[in-house]
Every structure is written in C-alpha cells, then in structure tokens.
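# An overview of the molecular structure
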Amino acid sequence: MRLVLFDLDTTLVDRAEGFRRWVWEFCAEHRLAEADAAWLVAADDRGRADRATFFKSLRERFDLRESEPDLEDAYRERHPALVPAAPGVLAGLPRLRAAGWRIGVVGEGEPQLSTLLCTGIAGLVDGWALAGPDGLSTSDPKLLELAAERCETTLDGGWLVGADVETGRSAGLRTVRIGPDRDHAVPDTAAAIALLLGS
C-alpha cells in the first residue's frame, strides 16, 4: 500500500477560518467592535504569535478580568471545534483509502488532536504523529517515520503534502506543496488529492 502524509494545519484544515470564527465569538461575548476583531486577527499573525504573549496583549488591550491562563485555556478548549476541514478533504480522503493509500497526518501540539477529532478527520486516516506530545519537532524526519509506523507502513515510496515540504524531501519522500502557483505547487488540498489519485 502507498503512504501519503498530510500536514494538518496548512493542508487538511482551515486554521485561519477557525481562528476568525473564534474571534467573532470572542468579540460578541466581550462586546468588542469590528476594528477589535481586525486587531485580534493581525495579532495572531496567522498562528505564528506566541500564545502567552498573544493573550497577555489581549488582556491588556481590552482590560479583561480573566487571567491570561484562563483566557488561553478557554481558547484551547473552544478553537478546535470551530476549525473546519479544508474544501474537498472529507470527500477526498475516503477516495484515497479506497484507491489503496494509507493516510497519515503530521501536526504540532496537543490542541491539534482535538482538531482531528472535531473535524472528523481522525476517522478518515490510518494514524498521526504530533510534534510536542510525541517529543519531536515538525522539522525532525523522525516525526514522519513515527506517523508512517502508526499507519503500519514505512516511508519508502511515500508522499508528503503540505505548505512546507522540506522535511519530507530530506526524508526521501515525494512531495506536493500546497500554496501559490509557483515552484510547481498545487492551489489546494483537493487538487493535491486529485494528483495523488492520478499518480
């Protein structure tokens, strides 16, 4: 059986849309304005902002009573339920499995397990490995090896699909990059799945 590993945040789910949904809920709860929502999205820096720093800035800017840890805990509990699967994923993954592919997921951090479960993706794949909980970083090829092992296979002849595929290339995987139309990237995950089905 052939193996394909997908990055979670940039490929299988729309993390940015999930964050926007959380922002609007947060703004409604705290009676904040549209400009405040825009500030929150900018401060998040597409998920790259340090969470502790983000919630410290949020608490100070809006003079909130909740402590920073309480704000972060509430976010981590709610946000995964708001993150949608990327277009074409929930229909495409079963097609890959039916075509004989083993499907794995690599991601970063404990909250991504909740995202896997809340989106329903967990039931459509054969295994996953998450940096942090599994004691590895996303740049470590051993994370890919662990995901393959949990899919009951190896990396031999496998593929990696994501926005950043350098770790996959260094591990000897064939890759499909999701992103703007440059360097032979495909525009979205649905197109990547179609490519794999035709390979």
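This one's a predicted model, so the numbers in the text were calculated from it and none came from an experiment.

When its secondary structure is counted, the protein shows 10 helices and five strands. Rg of the C-alpha trace for the protein: 18 Å, near the compact-globule value of 16 Å for 199 residues, within the 12% margin. Oriented by its inertia axes, the alpha-carbon framework of the protein measures out at about 55 × 30 × 30 Å. The proportion of buried residues among the 199 residues of the protein is 43%. Long-range contacts, defined as pairs at least 24 residues apart, comprise 60% of the intrachain contacts of the protein with a sequence gap of at least 6. For the protein, the computed accessible surface area is about 10300 Å², with 49% contributed by carbon and sulfur atoms. Side chains of the protein carry 23 positive and 33 negative charges; the gap between the two charge centres is 3 Å.

In this structure, R31 is a non-glycine residue whose phi angle is positive, near 55 degrees. Note that R31 resides in the loop between α2 (15-30) and α3 (34-44). The phi angle at D63 is positive, at roughly 50 degrees, despite the residue not being glycine. By the element assignment, D63 lies in the loop between α4 (51-62) and α5 (68-82). Judged by its relative accessible area of 67%, D63 falls in the exposed class.

Take the packing of aromatic side chains next. Within the structure shown, the criterion is met by nine aromatic pairs. For the pair F19 and W22, a centre-to-centre distance of 5.5 Å together with 35 degrees between the ring planes defines the contact as tilted. Here W22 and F19 lie together in helix α2, a separation of three residues that amounts to about one turn. Each member of the pair, F19 as well as W22, carries the same accessibility label: buried. Ring geometry for W22 and Y75: centres 5.0 Å apart, planes at 85 degrees, overall edge-to-face. With a gap of 53 residues between them, W22 in helix α2 and Y75 in helix α5 connect regions that are remote in the sequence. In terms of burial, W22 and Y75 fall into one category: buried. Through a chain of ring-to-ring contacts, three or more aromatic side chains come together here, namely F19, W22, F26, F54, F55 and Y75. Sitting above the plane of the F54 ring, R51 keeps its charged end 4.9 Å from the centroid.

Take the environment of R102 next. Looking at where R102 falls in the secondary structure, it is placed in strand β2 (residues 101-108). Take R102: its relative accessible area is 21%, and that puts it in the partly exposed class. Sequence spacing of R102 and F55 is 47 residues, and the spatial spacing of their C-alpha atoms is 39 Å. In this structure R102 touches M1, R2, L3, V4, D126, C151, E152 and T153, once residues within four positions along its chain are discounted.

Across all of its chains, the model carries 10 salt bridges by this definition. Through salt bridges with shared partners, a single network forms among R15, D44 and R51.

What counts as what
Residues numbered from 1 in each chain as written. Predicted model: local features only at pLDDT ≥ 70, side-chain atom pairs only at ≥ 80, totals over all residues. Heavy atoms only, no water. Helix = DSSP H or I, 4+ residues; strand = E, 2+ residues; numbered from the N terminus. Rg over C-alpha atoms; globule rule 2.2 N^0.38 Å. Buried < 20%, exposed > 50% of the residue type's maximum accessible area, 1.4 Å probe, protein only. Contact = heavy atoms within 4.5 Å. Areas by Shrake-Rupley, 256 points an atom, 1.4 Å probe, with all protein chains shown as cover. Lys, Arg positive; Asp, Glu negative; His and termini not counted. Charge placed at Lys NZ, Arg CZ, Asp CG, Glu CD. Phe/Tyr/Trp six-rings, centres within 6.5 Å; stacked < 30°, edge-to-face > 60°. Lys NZ or Arg CZ within 6 Å of the ring centre and 35° of its normal. Salt bridge = Lys/Arg side-chain N within 4 Å of Asp/Glu carboxyl O.

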